[in-house]
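The residues making up each chain are set out below.
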Amino acid sequence: MTNDVLHRLAATIKSRRTARPEHSHTRRLLDDGPIKPAKKLGEEAVEVAIAALAQDDDALIGETVDLLYHLLVVLESRHIALEDVLSELERRMSATALNQNKRKAASR
């Protein structure tokens, strides 16, 4: 498994915009704009929470995969690139690391 799996999945989802609807579940989700993908994302989030509390690790992993897929479909439905989300995550992680380093320096 490679680290670019989310990028490859996002690219596959993007390519499904032009697939025949009868052959692509993703296309059918995208055709409904953000409403249907957002509803599916909410359902999957609940399933992840339930799996986290009451199911085994394999169930949690499976539900998390479903959640990630539906999150990427929601992003695609809004024409938001995964790279934009990852850049914001990187910015926030850098800001958190910077703040932690400032606190450490201040406490010395």
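Scroll up to find the structure this text is about.
Residues numbered from 1 in each chain as written. Predicted model: local features only at pLDDT ≥ 70, side-chain atom pairs only at ≥ 80, totals over all residues. Heavy atoms only, no water.

(A) Representation of the nonpolar core in the model. Formed by Ala 10, Ile 13, Leu 29, Leu 30, Tyr 69, Leu 72, Val 73, Leu 75 and Leu 82, the largest nonpolar core amounts to nine residues. It is helix H4 (residues 57-77) that provides the largest number of residues to this core, a total of four residues. (Core = buried A, V, L, I, M, F, W, Y, C linked by side-chain atoms within 4.5 Å. Buried < 20%, exposed > 50% of the residue type's maximum accessible area, 1.4 Å probe, protein only. Helix = DSSP H or I, 4+ residues; strand = E, 2+ residues; numbered from the N terminus.)

(B) Local environment of the packing of helix H1 (residues 5-15) against H4. Between H1 and H4, whose axes approach to 10 Å, the crossing angle comes to 50°. In terms of orientation, H1 and H4 fall into the oblique class. Handedness of the crossing formed by H1 with H4: right-handed. Residue-level contacts link Leu 6, Leu 9, Ala 10, Ile 13 and Lys 14 of H1 to Leu 68, Tyr 69, Leu 72, Val 73 and Glu 76 of H4. Looking at the contact of H1 with H4 residue by residue, the class counts come to eight nonpolar, no polar and two charged. (Axes fitted to C-alpha atoms, helices over the stretch in contact; angles between N-to-C directions. Parallel < 35°, antiparallel > 145°, perpendicular 65-115°, else oblique. Left-handed = near helix turned anticlockwise from the far one by under 90°. Contact = heavy atoms within 4.5 Å. Nonpolar A, V, L, I, M, F, W, Y, C, P; charged D, E, K, R; others polar.)

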